[in-house]
Each structure stands twice: as C-alpha cells, then as structure tokens.
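These are the residues of each chain, in order.
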Amino acid sequence: MDSLRLPQPMDPEKEEGLDERHGNKSKDFLSVLGVQASPVHSSVALVEEETDEADPWNLPELKDTGVPWSALDTKGKVLRVLVSIGKLVLLLGFLYMFICSLDLLSSAFQLVGGKTAGDIFQDNSVLSNPLAGLVIGVLVTLLVQSSSTSSSIVVSMVSSGLLTVQLAVPIIMGTNIGTSVTNTLVAMTQAGDRSTFRRAFAGATVHDFFNWLSVLVLLPLEVATGYLYMVTKHIIDSFNIQSGEAPDLLNVITDVLTESVIELDETVLGGIATGDPAARNKSLIRKWCQSFTNTTLMNVTVPGPESCTSPSLCWDDGNYTFTLKNISETYNIQKCKHLFVDVDLPDLAVGLILLALSLLVLCSCLILIVKLLNSMLKGQVAAVIKTILNHDFPFPFGWVTGYIAILVGAGMTFIVQSSSVFTSAITPLVGIGVISIERAYPLSLGSNIGTTTTAILAAMASPGDTLANALQIALVHFLFNISGILLWYPIPVTRLPIRLAKGLGNITATYRWFAAVYIICCFFLLPLFVFSLSLAGWQVLVGVGAPLLIILIIIIVINMLQKCKPGCLPAKLRSWDFLPLWAHSLAPWDGVVGVINSKCCCCCKCCQVAAEDPEHQEKESVENNKKTHTEVYDNPAMSAEKEVENEIKIELNILKMTRL
C-alpha cells in the first residue's frame, strides 16, 4: 500500500506563474464566452482630472485662436485694426480708472482710520521701542493705505520736536512693509484659476518677502550701529540743500477725477499726531479750497506777567495784564467742488461709502483689464512682448538685464508717483503669464526706489524749517531700499524672495483660502500682537517674543536640514510625521474650511427654500426624491462600478473552476 502523500507547499514564484497561466486561460475562456474583462475602475478616477507634470512656473503660451492676418481681406484687416485701437483705448481708460480707484481707496482708509493712526503716533513712550516703531509704521500705513501720508506724519512729528530722526527710522521701515499689501490684495481677485492665481500671488508677495527680509537684517543693524541715521546725517550736513517745488506728473491727470469726488485736509492728521486739540474735532474732509489768513499784532489779556510775550510788552493796570500778540484770523473765500462738500455725514460714514465704491471700481477695472489683455496679447504680439520683457542680454552681459529692469521700475514708479499703483498694475500681467516672476522681482525693487525718489522731491518742497528733517527721513527710506537690494539681488543665490514667493504661490494654488490667512496674519495679527506686547513693556516683549523667535529659528533650521542633509538629524526628526497631521499639513484644515463652506452654502439654500411657497416646496421635494432614485440607478460611475464587480465575480468563479 502506497503511503499517503501530502501535498507539498508550492514555491511562491511557481505559484505566481501558475496563477498567471490560469489567469490567461480564464481570459481566453471568457473571450470564448463573449465576456470581455475590463480593468478595475474607481469613482474617484472618473472625476479626477489629469495632472500636469510640466513646471507650473513656465509661462503659458497665449495662442491666437482668431483668423490669421494673411487670411483676411481688406475689409477684415481694417476692421481688426479698428477693433485693436478700440481695445487699446479701453485698456488705457480702465487703467486710468484703476489708478484713480487706488487713490480713492487711500482717501477712504484715511477717513476710516486716519484719526486712529494719528493717535497711534502720539504715544511717544511706545515709539521709543524700535520694534514697536516698526509695527506702528506697518499699522498706520495699512490704515491710511499710503506710505507718503504716513511719512508726512512722521516728518511733521520730527519737525515739531515730538520725535527724533533716530526713532523715526524703524517707522519708515514699517511704512515700506505696509504699502506692499495693496498688490497682494489685487492678486486675490485672480483666485478663479489656479495657475493664474499661483503666478499672480507669487508676483505680489515677492515684494512682501523682500521688505520683511530687509527689515530682519537692517533693523538690528540700525539699532546696534545707527547705520542709516549716520549716513543720511552726513549727507545732509555735506550739501547746502535749498527748498524747491516737487513736480506733479501723473497727479495732474488723476486729480481731475479724484478731487471731484473727495478732497482731504492732510494737515489734520499731522495736527492730531503732534497733539493739537483743535485738530481732533476737525473733519478730514476739506470744505474750503481757498482761504486767506490775516495776522495782526493786537493787545490781548493774559492771566499774569509770566504769560506775556516779552517783559517790555507787558502792562498791568491793577486788574488786568495786557500784552501784544500776533493774532491770526482765517477767512474762507471759495468752497470746494467735490461730491461730499455739503454732505452732513461723519468722516467714518463717508469713508465707508468711498471704501465700497473704490473697491467696486478697482475690482471691476482689474477684471476688465485682464480680459482685455488676454484678448489683445495673442499670437505674434504676445511672443514679441514676452520676448522683450523676459529676454536677457547675450553672454556675458546677461546680468545687466535685471539692473535695467530695476531702472525701468524706478522710472515708471516715478511717473505714476506711487509704488502701489505700479506693482498692482504688473500683478495681473504676472498672473496671465506675460511677465515672469524672475522679471517682476527687479521691477518691484525698482518701484521701491522710484517711490523714495518721489519722497525726496516732495521733501525738497518742504518749508525751510522742516526741510532738513524731511529730507533726512526721505534719504533714510531711499538708503534702506538700496541696502535691501544689495542684500537680496546681486548674487543669484541670495534671491530668497523669489524662492519664498514661489513656495507660497504653490501653497495658495492648492489651498486658496491660505492666501487670506497669510494677509490677515502677516499684516494685521502679527503687528497687532507685537504692538500689544510693546504696550506691556519691553520686559514682556522680550519674555514672550524671545522664546517664540527661538522656536521659529529651530523649526527653520530643521526644515533646511531635512531637505539638504537629513543624515545629520536623528531618525525621528528627519520628517514631521511624529506630529499630528494637523500640525504639519494643511490638508486637515482644508477639510475644515470645506465643511464650513458647505455649511454656509446649505444655510443659504435653506434660507432660499424657506422663503418660497410651501406648496412649491412640497412639489419640488417630491421631484427631487424621484430624481435621486433615478440617479442612483442611472449614475454612470455607480453602474460602471457595479458592472465591474459582477465581472470580477465571474472571473474569480471561472478561475476556481480552471484550477480544479
């Protein structure tokens, strides 16, 4: 009798080969039966778009979808030329309205928060802290949306002796940061398309990163050595500078429209900052555009001899003390002609009306400008413009191109007399792919230089008693930007703002809500947090800020080592996976934002349904129920999955049969 032989375990490789042969046999058998095995599908794959493996920072090709020029007849060519001229005229008109809306936006912010800005500047004990002065410069520029206005307030305080130039240097640095928020807000209007938003937001925030990085280096250097103050003081003492008159370039064109809407009295903010009690009760809206001040020497009654202007000009008749004083009386001659001159509304109400109006015009003009540029920049025109703007000079003069772009940015900003206007104008061009971020970076640096040259000319138009202080503060602003360019541009490795802006652009393209978080945190919450710590005293500021700063530096160093040399780190620190997912990834937060959005949408839909007729609601619910039942069976994704499951079951049964 043969011994019972147990089945031996099969080698895994042979088993795989046998399974493969059985699988082939089962497929052949299925083909004989007329059943075709299909690959396994997923409902996610049915709705998932194809991923583009190309570099997202490559400039897109603006293809010409119209009829070629050579294929047009004479009438078509004339019509195309006329349409192009009309588009160009519309583009210039929308650009003019865009610039005017930015000016009105600045006026609106001054009406809403201008007096608060003056109150912030009035606290000299806080301004003695350089870090507090920095964040005050940021907050005040955010409130008035104009670095020129905040700089003029600083000049008036220095001239009146309430502030020294040394304490004004950190405030000027803060104004440089605060003025860069405008083009970042403009980039938010292009959040509809991910690729466009990626480029536009990076092109806007490269200006932010340059300002923040420059402050991180130059503010400690200024506190330690007084570098900016000493150099500018030496320049002022070396030259015999006389006051002149600042030229009006673009303002001659834009003031026609903006001054017909609103005119502000800029001296009120300076008066509040210098502690003038009469300025606090005065409206920022200018009522009288032409007035006459008459100064006469008159006898006045004073409380006592100590209040006399001079001992020789003091008389006492036993009951009263008299002296001679210059008495000024202002006579109003001509009223202004803007829309709000006779409106009996407080400054806050007028500011909110102007804010809504200017934002509406700004966003509308920006959308129309982008649409017109997309329709105009096609085919050979787009190729020529992109080549001119992004092409480098041939070797070995390629490095000169960036510096020429800096000069172009400075010249254009000098013409429009506002860095916010220029950087906000090139932001949509970066978004649609006409200008690369590598070219937008030197243009933004040039805009910083251009706005400081405008400030220098404005300072030279100051009266003789304030000329030296105003000019020194303008030179501090100029030298700060020049020093920042020397730090973050000449050597390609040091162009950190470009890499940081691209990283932020990638994040905001994936999680578009993060752009709003960035603006709120960097321009509002962080300055307010530092300002509140400064109010508590430098001990609290150092005690709370120093540990947070050390933790931030440690995190940055670990991140750099994880990317460059992970072997230098312990195994646990080579990634952040040991932390909860919400602590090192934005995906869970994206889910939270999605849930909040869905809840808000559901609430809006419920409110709409509740406002409708009850009978109509009942009929609509019955129809929706029927529709959902049919959709369950007619949904192609679900039916495809069901069919695949049935086919898999058939294949498995046949496979078992073939093995037996």
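Computed from a predicted model, the values in this text were never measured in an experiment.

**Student:** I'd love a proper account of the packing of helix α10 (residues 227–238) against helix α19 (residues 467–488), names of residues and values included.
**Tutor:** Interaxial distance between α10 and α19 falls to 9 Å at its minimum, and their mutual angle equals 125°. Classified by the angle between their axes, α10 and α19 sit oblique to one another. Where α10 crosses over α19, the two elements pack in a sense that is right-handed. In this structure, α10 contributes Y227, L228, Y229, V231, T232, K233, I235 and I236 to the contact, and α19 contributes A468, L471, Q472, L475, V476, L479, F480 and S483. Tallied by class, the residues present in the contact of α10 with α19 amount to 12 nonpolar, 3 polar and 1 charged.

**Student:** Help me get a handle on the sheet that holds strand β1 (residues 288–302), residues and values and all.
**Tutor:** Within the open sheet, the 3 strands sit side by side as β1-β3-β2. Their pairing is antiparallel. Each edge of the sheet is formed by a strand with only one pairing partner; in this case those strands are β1 and β2 (314–316). Taken pair by pair, the neighbouring strands of this sheet meet at an average axis angle of 40°, ignoring direction. Sheet analysis places β2 next to strand β3 (residues 321–335), joined by 3 bridges and oriented antiparallel. In the strand pairing of β3, W315 is matched with F322.

**Student:** Can you break down the packing of aromatic side chains residue by residue, with the values?
**Tutor:** Scanning all chains against the criterion turns up 11 aromatic pairs. Each ring, one from F201 and one from Y518, has its centre 5.9 Å from the other, and the planes form 75°; the classification is edge-to-face. Placement of the pair is F201 in helix α9 (residues 194–225) and Y518 in helix α21 (residues 513–536), with a sequence separation of 317 residues. There is no split in this pair, since F201 and Y518 are both buried. Ring geometry for Y403 against Y489: centres 5.4 Å apart, planes inclined by 90°, an arrangement best described as edge-to-face. In this pair, Y403 is assigned in helix α16 (residues 400–416) and Y489 in the loop between α19 and α20 (496–510), connecting sequence segments 86 residues apart. Y403 sits in the partly exposed class, given a relative accessible area of 31%. Linked through ring pairs, F197, F201, F209, Y518 and F523 together constitute an aromatic cluster. Its end group placed over the ring of W288, K335 keeps NZ or CZ at 5.9 Å from the ring centre.

**Student:** Please give an account of the pattern of salt bridges that cites residues and values.
**Tutor:** Applying the stated criterion across every chain yields a total of 4 salt bridges. For the salt bridge of E263 with R286, the shortest nitrogen-to-oxygen distance reads 3.8 Å. Separated by 23 residues along the polypeptide, E263 in the loop between α11 (251–261) and α12 (267–273) and R286 in the loop between α13 (277–280) and β1 bring together distant segments of the chain. Residue K502 pairs with E438 through a salt bridge whose shortest N-O separation is 2.6 Å. Separated by 64 residues along the polypeptide, K502 in helix α20 and E438 in helix α18 (residues 437–460) bring together distant segments of the chain.

**Student:** Describe α9, with residues and values.
**Tutor:** With 32 residues, α9 extends 45 Å from end C-alpha to end C-alpha; this agrees with the ideal 46 Å at 1.5 Å per step. Taken as a whole, α9 carries its principal kink of about 30° at V215. The N-cap residue of α9 is D193: its side-chain oxygen and the backbone nitrogen of S195 are 3.3 Å apart. After α9 finishes, the residue G226 shows a positive phi value of roughly 65°.

**Student:** A description of the side chain of D347 should follow, citing residues and the corresponding values.
**Tutor:** Positionally, D347 belongs in helix α14 (residues 347–376). Polar side-chain contacts of D347 include one of 2.8 Å to the side chain of S283.

**Student:** Residue-level account of the nonpolar core, with values.
**Tutor:** Core analysis: the largest hydrophobic core is formed by 69 residues, its most contacted members being F98, L163, I262 and I435. Here this core takes 10 residues from α14, the largest share from any one element. Among all residues touching F98, those that are not within four sequence positions of it are V186, L362, C365, L366, I369, V421, S424 and A425. With 43 residues, the next largest nonpolar core counts M173, A187, L445 and I498 among its residues.

Conventions we followed
- Residues numbered from 1 in each chain as written.
- Predicted model: local features only at pLDDT ≥ 70, side-chain atom pairs only at ≥ 80, totals over all residues.
- Heavy atoms only, no water.
- Axes fitted to C-alpha atoms, helices over the stretch in contact; angles between N-to-C directions.
- Helix = DSSP H or I, 4+ residues; strand = E, 2+ residues; numbered from the N terminus.
- Parallel < 35°, antiparallel > 145°, perpendicular 65-115°, else oblique.
- Left-handed = near helix turned anticlockwise from the far one by under 90°.
- Contact = heavy atoms within 4.5 Å.
- Nonpolar A, V, L, I, M, F, W, Y, C, P; charged D, E, K, R; others polar.
- Pairing = 2+ DSSP bridges.
- Phe/Tyr/Trp six-rings, centres within 6.5 Å; stacked < 30°, edge-to-face > 60°.
- Buried < 20%, exposed > 50% of the residue type's maximum accessible area, 1.4 Å probe, protein only.
- Lys NZ or Arg CZ within 6 Å of the ring centre and 35° of its normal.
- Salt bridge = Lys/Arg side-chain N within 4 Å of Asp/Glu carboxyl O.
- Expected span 1.5 Å × (residues − 1).
- Bend = angle between axes of the 7 residues up to and from the residue.
- Polar contact = N/O pair within 3.5 Å; in protein donor to acceptor, adjacent residues only side chain to side chain.
- Core = buried A, V, L, I, M, F, W, Y, C linked by side-chain atoms within 4.5 Å.

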